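# Architecture and fold: a report
Each chain, letter by letter, is given below.
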Amino acid sequence: MKRLLIIGAGGHGKVVAEAAERSGWHHIRFLDAAWPALTTVSGWPVVGKDADFSAFLDDIDGVVVAIGSNPVRASLVNQLKEAGAALVNIIDPSALVSKRAVLGEGVMVLAGAVVNSDAKLGDGVIVNTASVVEHDCRVADGAHIAPGVVLGGAVDIGCLCLVGLGARVLPGVCVAESAVIAAGAVVHRHVAAGQVVKGVPAR
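Bear in mind the structure is a predicted one, so any value in this text is a computation, not a measurement. (Residues numbered from 1 in each chain as written. Predicted model: local features only at pLDDT ≥ 70, side-chain atom pairs only at ≥ 80, totals over all residues. Heavy atoms only, no water.)

### Some details on the nonpolar core
Counting 33 residues, the largest nonpolar core has Leu151 and Ile157 as the members making the most contacts within it. Contacts of Leu151, omitting those with residues within four sequence positions, involve Val132, Val133, Glu134, Cys137, Val139, Ile145, Ile157, Val163 and Val169. Trp25, Ile28, Leu110 and Ile126 belong to the second-largest nonpolar core, a separate cluster that totals 20 residues. (Core = buried A, V, L, I, M, F, W, Y, C linked by side-chain atoms within 4.5 Å. Buried < 20%, exposed > 50% of the residue type's maximum accessible area, 1.4 Å probe, protein only. Contact = heavy atoms within 4.5 Å.)

Dropping the structure here:
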């Protein structure tokens, strides 16, 4: 029986748990900051706080951080790596990930997503439902590609970036660290670090 620990029992955590079930993980438990007030989520047990992960590492086969906040997720991924935890990637069986793509640790590629040839995903990256990461893209550590996003070929997404629901980033565009692309935006030029852009075209 494959034993998975998921840190973060919110909505994203439930989606990751279902993807994990479809991928062959049979024994799933959660850690969440709301424990002990929160003891179950959608039938899965919540067994402790997220900060207490070290107490569970000897009793699992893998762990993934399913927290939507990019900085929080990235911090926990780094802590788990330092602790020697078995960080695993959760790839929904309906997703298409090229054998020539390179994935870091603790990556989540969810239902219907596509990651094409020679794309590179850093640690703790989320490629969410029905999103597309085209050939030669780079998505750095802790970034979140939200549902329905399309990244054109050779797009560069910096660490901790959020690319919002249904956004489009045109080929070759660079989006620097911690930038936010609003839902539905169409990004046709480079975005500076920490900048928030929205609209069609994005400004």
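### Some details on the sheet that holds strand β23 (residues 196-197)
Read from one edge of the open sheet, 7 strands run β6-β9-β12-β15-β18-β21-β23, paired in parallel fashion. Of all strands in the sheet, those bounded by a partner on one side alone are β6 (90-91) and β23. Across 2 bridges, strand β12 (residues 126-127) lies against strand β15 (residues 144-145) in parallel orientation. Within β15, the position partnered with Ile126 by the bridge is His144. (Pairing = 2+ DSSP bridges. Helix = DSSP H or I, 4+ residues; strand = E, 2+ residues; numbered from the N terminus.)

### Quick look at the packing of aromatic side chains
Counting across every chain of the model gives 1 aromatic pair. The interplanar angle of 55° and the centroid separation of 6.0 Å between the aromatic rings of Phe30 and Trp44 together place this pair among those described as tilted. On the criterion of sequence distance, the pair formed by Phe30 in strand β2 (residues 27-31) and Trp44 in strand β4 (residues 44-48) is long-range, its members being 14 residues apart. The two residues Phe30 and Trp44 agree in class, both being buried. The positively charged end of Lys2 is found above the aromatic ring belonging to Trp25, 4.4 Å away from the centroid. (Phe/Tyr/Trp six-rings, centres within 6.5 Å; stacked < 30°, edge-to-face > 60°. Lys NZ or Arg CZ within 6 Å of the ring centre and 35° of its normal.)

### Regarding the pairing of strand β5 (residues 62-65)
Where burial is concerned, the two faces of β5 agree: the one with Gly62 and Val64 and the one with Val63 and Val65 are both buried. Bridge count between strand β1 (residues 3-7) and β5: 4 bridges; the pairing is parallel. Bridged to Ile7 within β5 is Val65.

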